[in-house]
Amino acid sequence: MEKHTNITKAFLFAFFALILYFVFEYQSNLMFSDELVVRSKDSSLFVMALLACSLIYFLVNNFKSNHILFRSFSVQMLTMYAFALLMSMYHPFPARITNFTIILPLVLFWFMYCITYKLEDIRLELVFFLVLSLALTAYFFATYKDNILYDITRQNNAAYAALFYLPFVLCFKNKLIKIVVSLLFFLAIVFSLKRGGFFAFFAGIFAYLYVMYYVLGNHKVKIWELLIIVLVIFGPYYLFQMSDFAPGELMLARFDDMAESGGSGRLYIYMNKLKIIGNSGTLGLIFGHGWMATGNEGMIGVTAHNDFLEMFYDFGIIGFSLFIWVWVSLIRLCKELIIEKSRYAAPMAASLAILFVNNCVAHIWIYSNYLATFAMFWGFVLAAKELNYFKINKI
């Protein structure tokens, strides 16, 4: 019986590794792309394989949680998907594969919830995600200069693919792993010249430290840890000023320009968006205008650079209310983890901080490749919580 169990677990881990490989192919393909959809034939096949394998596994195991997050995220994503498909009859998607990528985050959320229940080996799962995040980071630096869109003076979103795995990394007890990998993510953000990524990174680190050391009080802060925190926060600024490191200088220049440009014109975009929402008809206010509708009707750029405005305009009061429901559910899960003194409370707080910053100044919900990372983490944490893996363990 024990031998049979070991063989089954080995097969499940192999299957889990295959799924993460599909995730890597999907997310790395979109790293340096200006498009919201997968266009290459090979990458589309990876998306279909990822969707099919994950969905089949979930349906076969049929694990369902009674937690409010499981219900709210499922209802919100399915409703958004239904609205998007209906609206696509009048405003077609930019590519056929979009019919499948929109629902991918929910399927991966279900998959992670189920596979975590079946494997019951949190340590090894986290190692797999560490390898995935490092592979994406390595891919970012390896292809940065050779990419067809490469321009050192031009910002890009590529580093977000790695950054959003930070909550997984923060689940490790090993401090060296957390510090080294976090610094790699930060360096990638600097090379991407993303101010929003910069704020999101430090918001996530601050939320993690606040919950871990102040709220939970699980560890005593040592002097060398304080020095590292100070160096991480203030070191890059002075290092960039004293060196000829081009990405650092360009990042500082973007911060200097922020007040003058209003955050790359975001203030104008927000006001424009509010005006358009106010001019929407009754049906538009209730049901929205369809997926990625913010690219039309006088908007600057592709999106509203704000998920709250995006969800309201694209999916109306119904979609926006469900979006807020998901947020309430996420906060509730985080509070429960804190009350239980879970080892995942601080990483969950980091996840919410990173998500909130991007909800406010960028966008997560319409980028399925980004939302998928958050969804996998939430599914993982929810299953771990229900499996009573919230005691402090070594890893």
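Please refer to the structure placed before this passage.
All values reported here derive from a predicted model rather than from experimental measurement. (Residues numbered from 1 in each chain as written. Predicted model: local features only at pLDDT ≥ 70, side-chain atom pairs only at ≥ 80, totals over all residues. Heavy atoms only, no water.)

Chemist: Give a description of the nonpolar core that names residues and reports values.
Modeler: The biggest cluster of nonpolar side chains holds 122 residues, and the ones touching the most others in it are Phe 73, Phe 109, Trp 365, Trp 378 and Phe 380. It is helix H16 (residues 368–386) that contributes the most residues to this core, 13 residues altogether. Setting aside residues no more than four positions away along its own chain, Phe 380 makes contact with Met 112, Thr 116, Ile 122, Glu 125, Leu 126, Phe 168, Cys 171 and Tyr 344. If you look at the next biggest cluster of nonpolar residues, it comprises 7 residues, including Tyr 270, Ala 304, Leu 309 and Tyr 313. (Core = buried A, V, L, I, M, F, W, Y, C linked by side-chain atoms within 4.5 Å. Buried < 20%, exposed > 50% of the residue type's maximum accessible area, 1.4 Å probe, protein only. Helix = DSSP H or I, 4+ residues; strand = E, 2+ residues; numbered from the N terminus. Contact = heavy atoms within 4.5 Å.)

Chemist: Go over helix H10 (residues 195–215), please, and point to the residues and values.
Modeler: Under the 1.5 Å per step criterion, the end-to-end length of H10 is 28 Å for 21 residues, consistent within 8% with the ideal 30 Å. Residue Gly 217 follows H10 closely and has a positive phi angle near 60 degrees. (Expected span 1.5 Å × (residues − 1).)

Chemist: Pulling in residues and values, what's your account of the packing of helix H14 (residues 307–339) against H16?
Modeler: A pair of packed helices is characterised by two quantities: the angle between their axes and the separation of those axes. Between H14 and H16, the shortest axis-to-axis distance is 12 Å and the interhelical angle comes to 40 degrees. Our classification of the angle between H14 and H16 gives oblique. Read as a crossing pair, H14 and H16 show a hand that is left-handed. Listed contacts from H16 to Leu 330, Leu 333, Glu 336 and Leu 337 of H14 are Trp 378, Val 381, Leu 382 and Lys 385. (Axes fitted to C-alpha atoms, helices over the stretch in contact; angles between N-to-C directions. Parallel < 35°, antiparallel > 145°, perpendicular 65-115°, else oblique. Left-handed = near helix turned anticlockwise from the far one by under 90°.)

Chemist: I'd like a rundown of the environment of Ser 74, residues and numbers included.
Modeler: Its place among the elements puts Ser 74 in helix H3 (residues 68–87). Of the residues examined, Ser 74 reaches a relative accessible area of 8% and is grouped as buried. When the C-alpha atoms of Ser 74 and Leu 106 are compared, they prove to be 6.6 Å apart, with 32 residues separating the residues in sequence. Sequence-distant contacts of Ser 74, that is, excluding residues within four places in its chain, are made with Leu 69, Leu 106 and Trp 110. A distance of 3.1 Å separates polar atoms of two side chains, one belonging to Ser 74 and the other to Trp 110. (Polar contact = N/O pair within 3.5 Å; in protein donor to acceptor, adjacent residues only side chain to side chain.)

Chemist: Quick one: what's the story with the pattern of salt bridges, residue by residue and with numbers?
Modeler: Where side chains of opposite charge bring their charged atoms close, a pairing between them can arise. Counted according to the given criterion, the structure contains 3 salt bridges. Note that Arg 332 and Glu 336 form a salt bridge whose closest N and O atoms lie 3.3 Å from each other. Placement of both Arg 332 and Glu 336 in helix H14 is noted, with a separation of 4 residues, approximately one turn of the helix. Using a relative accessible area of 43% as the deciding quantity, one classes Arg 332 as partly exposed. Note that Glu 336 and Lys 385 form a salt bridge whose closest N and O atoms lie 3.6 Å from each other. Here Glu 336 is found in helix H14, whereas its partner Lys 385 is found in helix H16, with 49 residues between them in sequence. By relative accessible area, which is 13% here, Lys 385 ends up buried. Among the charged side chains, a salt-bridge network with shared partners connects Arg 332, Glu 336, Glu 340 and Lys 385. (Salt bridge = Lys/Arg side-chain N within 4 Å of Asp/Glu carboxyl O.)

Chemist: I'd like a description of the packing of H10 against helix H15 (residues 345–361), backed by residues and values.
Modeler: At a minimum axis distance of 7 Å, the contact between H10 and H15 shows a crossing angle of 150 degrees. The orientation of H10 with respect to H15, classified from their angle, is roughly antiparallel. As H10 runs across H15, the sense of the crossing is right-handed. For the pair formed by H10 and H15, the contact residues are Gly 196, Phe 199, Ala 200, Ala 203, Gly 204, Ala 207, Tyr 208, Val 211 and Met 212 on the first element and Ala 345, Ala 346, Pro 347, Ala 349, Ala 350, Ala 353, Ile 354, Val 357, Asn 358 and Val 361 on the second. Counted by class, the contact of H10 with H15 contains 16 nonpolar, 3 polar and no charged residues. (Nonpolar A, V, L, I, M, F, W, Y, C, P; charged D, E, K, R; others polar.)

Chemist: Give me the packing of aromatic side chains: which residues, what numbers.
Modeler: Per the stated rule, a full pass over the model turns up 45 aromatic pairs. Pairing Phe 83 with Phe 287 gives two aromatic rings, centres 6.0 Å apart and planes at 65 degrees, and the pair type is edge-to-face. With Phe 83 in helix H3 and Phe 287 in helix H13 (residues 282–287), this pair connects stretches of sequence that are 204 residues apart. (Phe/Tyr/Trp six-rings, centres within 6.5 Å; stacked < 30°, edge-to-face > 60°.)

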